[in-house]
Amino acid sequence: MRAASTAWLSLLCGLTVHGAPTTAEMADSIDPGGGVSLREVTVEAQSRRPARVAGDASMTVDASVTGQRMRAFGEADAMRWISTLPGISAAGDYASGVSVDGTEYSHTYYGIGGAPVFFPYHFGGIFSVFNSEHMPVVHLEKSVHTPDMPPRLGGRIDFAPRRGLTERVKGVVNVGLLASSATVSAPLGDRADVTASARVSYIDALYGSMLTSNSTDIGYGFDDYNLTARVVAGSRDRLGVHLFYNRDFLRTNDDRYALDTRFRWHNFLAAGEWEHKGERFDWHQNVYCSTFGSTFGMNMSRVGARIPSSITESGTRGHGSYVAGGLRGVRLLFGASAAHLSGIPQWAAVSGYGYAPSERPARVNAFSASAHLACEFSIAPSLRLTAGAKMLVYSSAGYRPLFVDPTATLTWTTRAGTFNLHAAGYTQPLHQVGFSDIGLASNFWLIAGRELKAQRARTAALSWVHSPGGDEWELSADVYYKRLTGASEYDGTTITLLEPGYSAMEHVITGDGRNYGAGVMVSRVAGRLTGSCSLAWGRAQRRFPSLGDRWVTAAVEQRLSATVQGHYRLTPAIGLDAAWTYATGRPVTPVTALYMIGENVISEFGERNSRCMPAYHRLDLSASWNFRIKRWPGIDNMLILSVINAYGHSNVSIVTFGYDTDEAVFARRESASLYKFMPSLAYVMRF
């Protein structure tokens, strides 16, 4: 049912690298006796490691390294590398989000400078909205979270600039097949810097003719912009400001059905942050305003519709720690936040024959405040426990619940590695639903209220991290189980939007969920040949009382997935990369029968998400060459040649059912992804 409703997507869809700096800092100090003063010093070292796994199972990704190893259409994108990790999945080539350990796309938190970003991808999952050169440090948590986890039920992905200030003017220019980007950083005195970046596409200009057929005309474009300013306010304090904006626009004209569509969406974020690091007391505080809006419009011969929605979150969030000292090394973790949510649910302004004027629904407002407190201490020399709770107070139009979520993490460090046993509760007052199962921007956000309660999760996870024989190898594994309440889905279609008096809330169903699974990854992180092998298995099931008492497969389930990727440093200037990905097909609801009544095709559906598309797999290859030109001293150049889906496997992206008027038969149609043996070339200049 949902696959058919998203068929319009097919119209559009017809290691030698610069490493990551690590920093060591010396705070200003004054010796009263000797009068010696030391100012902050930043020491940088080059590394080719794409990621580092911490003892708590979190991961820090170097987006500049991963982006140069794995590129799509010439663009660097850390999310492409992240989506290959075990337990992190996307529903095919065109997915616009990731599912972490079986949770919905909207359960994953994306942030810039500690502030939320609502929609992380450009259209069709080409690449994410995050600039890898501007925000190269990516912090990833799957199911094991620190107590300051934002109000989401799934994973956490935070993007940030490098810690060290820029000491000279430097920049990166990237020219690809679909877009070009530039990032420039400059110092502002000794204690401040500023970084600006922009990316602009030229898909229409170069590929407009390829997106046009006899009856269909398609246009698409996007751009995104970032600005960051930072100040070292003292020996222990830093201030930062982040501005981010991106927009996408899509249009299609289909002469066969006299149908024109227009689709626009955007993210905007403004955030400020303050960081204090003392000998025993640390604190991070931010204030932010983040908004997302989309407008989907379509016009036929006698009917037109404009379908907007928007969501805005403004607030402040702070978290810190205090080391109490003593023999057991007690550390207190604490924080608080307050936020205002404001949104307009998706609604349809339909005009034309037989339709009365529509009124925009009232804006929905909500307020939330939370506080958390946890204590970390040693039970034994190799055993540490972190235990605490988070309290969330929420208010929206007469819905005023109080949520208390406990959290506990037991960490055991041995010669065989570090084990983490984690159990916690999480609450999310936001829902995202829509007629797309692959996370398109047409999906819309809803604020919890009396009719649609907040979502909650109870999580248990066990993780293991080990580096045998030094730093050459890294082994990791995890097992998880989640129980969800208040999980939501949308049971309407694109045609539903044209119904008189359309109300989005009337098509939202809620129920329970359960996710469970396991993943393992083996990585070689040193030497000329590096890479990783990962394998994950998981189940994601939902139960909706309005549909019966049976558990059904969730649309985000990816039963089995595997990835093998490698990087070979052929010479100091040449690197070769390969990545092979396999995943079981995306769940779909099958059509069991089709009927013709008059001129209308009536579909009869089977059990919800009881079938799967064919298995997905592809091999991506790339080669990079670093070089310098004598006439351009101080400028590093790089050419990257890559091929997506090198053996041209036809991965099915959409399945539709309909009546073929030419053959006078009912037909099942499979639309394959256009990502079949797609070469691309990129040029990167660093100065």
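Criteria and cut-off values
- Counting restarts for each chain, with residues numbered from 1 along the sequence as it is written.
- Only residues with pLDDT of 70 or above have their local features reported here, since the model is predicted, and side-chain atom pairs are shown and tallied only from 80 upward, although totals for entire chains, interfaces and linings are computed over all residues.
- Hydrogens and water are ignored here; the side-chain numbers use all heavy atoms of the structure.
- Secondary structure elements follow DSSP: runs of H or I no shorter than four residues count as helices, runs of E no shorter than two count as strands, and numbering proceeds from the N terminus.
- The Shrake-Rupley method, run with a 1.4 Å probe, gives the accessible areas here. Residue values count only the displayed protein chains as cover.
- By definition here, a salt bridge exists when the distance from a side-chain nitrogen of Lys or Arg to a carboxyl oxygen of Asp or Glu is within 4 Å.
- Exposed residues in this analysis have more than 50% of their type's maximum accessible area, buried residues have under 20%, and partly exposed residues fall in between, with area computed by a 1.4 Å probe over protein chains only.
- The contact criterion used throughout is that any non-hydrogen atoms of two residues lie within 4.5 Å.
- Excluding any residue in a salt bridge, patches collect residues exceeding 30% relative accessible area, merging like charges within 9 Å and nonpolar Val, Leu, Ile, Met, Phe, Trp and Tyr side chains within 5 Å.
- The pairing criterion for strands is at least two bridges between them, as found by DSSP.
- For Phe, Tyr and Trp, where Trp contributes only its six-membered ring, two rings pair if their centres lie within 6.5 Å, and the inter-plane angle classes them as stacked under 30 degrees, edge-to-face over 60, or tilted in between.
- The definition of a polar contact used here is a pair of N or O atoms within 3.5 Å, where within protein one atom must be able to donate a hydrogen and the other to accept one, and adjacent residues in sequence count solely through side-chain atom pairs.

A. Seen up close, the overall build of the chain. Looking only at helices and strands, the chain features 5 helices and 44 strands. For the chain, the exposed area adds up to about 29500 Å²; of that, 60% sits on carbon and sulfur atoms.

B. Layout of the pattern of salt bridges. A full pass over the atoms with the stated rule returns 26 salt bridges. Among the salt bridges present, the one from E275 reaches R163, with a minimum N-O distance of 2.9 Å. You can see E275 sitting in strand 18 (residues 259–277) and its partner R163 sitting in the loop between strand 12 (156–160) and strand 13 (170–175), a full 112 residues away along the chain. Classification of E275 by relative accessible area gives partly exposed; the value is 21%. For R163, a relative accessible area of 27% puts it in the partly exposed group. A salt bridge links R618 to D620; its shortest N-O distance comes to 3.0 Å. Residue R618 shares its accessibility class with D620, and that shared class is buried. One network of salt bridges, in which partners are shared, links R80, R618 and D620.

C. Inspection of the environment of V231 at higher detail. Among the secondary structure elements, V231 is positioned in strand 16 (residues 216–232). Residue classification places V231 among the partly exposed positions, given a relative accessible area of 37%. Residues V231 and D190, 41 residues apart in the sequence, show an inter-C-alpha distance of 9.3 Å. Setting aside chain neighbours within four positions, we find V231 in contact with R191, A192, D237, R238 and L239.

D. A look at a nonpolar patch on the surface. A cluster of nonpolar side chains, contributed by W473, V520, V522, L535, W537 and L560, occupies part of the molecular surface with about 490 Å² of accessible area. Broken down by secondary-structure element, the contributors of at least two residues to the nonpolar patch are strand 31 (508–524) and strand 32 (529–543). Relative to the elements of secondary structure, V522 occurs in strand 31.

E. Fine view of the pairing of strand 44 (residues 678–686). When strand 13 meets strand 44, the two strands line up antiparallel, connected through 4 bridges. By the bridge assignment for strand 44, N174 is matched with V684. As paired elements, strand 41 (residues 636–644) and strand 44 share 9 bridges and run antiparallel to each other. By the bridge assignment for strand 44, S642 is matched with S680.

F. Fine view of the packing of aromatic side chains. Throughout the structure, instances matching the rule amount to 20 aromatic pairs. Relative to Y516, the ring of Y481 has its centre 6.3 Å away and its plane inclined at 25°; by these criteria the two rings are stacked. Taken together, the residues span a long stretch of sequence, with Y481 in strand 30 (residues 473–490) and Y516 in strand 31 at a distance of 35 residues. By relative accessible area, which is 34% here, Y481 ends up partly exposed. Each residue in the set F119, F263, W265, F292 and F296 is aromatic and connected to the rest through ring pairs, giving one cluster.

G. Spotlight on the sheet that holds strand 11 (residues 137–141). Reading across from one edge, 3-4-11-12-9-10 is the order of the 6 strands in this open sheet, with mixed pairing throughout. Every interior strand has two partners, whereas the edge strands, strand 3 (51–53) and strand 10 (115–116), have only one. Sheet analysis places strand 9 (residues 109–112) next to strand 10, joined by 2 bridges and oriented antiparallel. The partner of G111 across the bridge, within strand 10, is P116.

H. A look at unusual backbone geometry. Of note, N609 is a non-glycine position whose phi angle comes to about 55°, a positive value. Tracing the backbone shows N609 in the loop between strand 38 (600–605) and strand 39 (611–612). Here the phi dihedral of N645 falls at roughly 55°; this positive angle occurs in a residue that is not glycine. Relative to the assigned elements, N645 resides in the loop between strand 41 and strand 42 (652–660).

I. Region of interest: the environment of W580. Relative to the helices and strands, W580 resides in strand 35 (residues 574–583). Along the backbone, W580 and R618 are 38 residues apart, and their C-alpha atoms lie at a distance of 5.8 Å. Excluding anything up to four places from it in sequence, W580 contacts A562, T563, V564, H617, R618, L619 and Y647. Only 3.1 Å separates the side chain of W580 from the side chain of Y647, close enough to count as a polar contact.

J. Summary view of the side chain of H466. With respect to the secondary-structure elements, H466 resides in strand 29 (residues 455–466). Taking relative accessible area as the criterion, H466 reaches 17% and is therefore assigned buried. When neighbours within four sequence positions are excluded, H466 is seen to be in contact with R415, A416, G417, W473, E474 and L475.

K. Here's a closer look at the side chain of D148. Take D148: it is sitting in the loop between strand 11 and strand 12. Accessibility expressed as a relative area gives 12% for D148, which makes it buried. Side chain to side chain, D148 and T146 meet in a polar contact 2.5 Å long. Engagement of the side chain of D148 in a polar contact is seen with the side chain of R156, the distance being 3.3 Å. Residues in contact with D148, not counting those within four places in the same chain, are R156, H319, H372 and K390.

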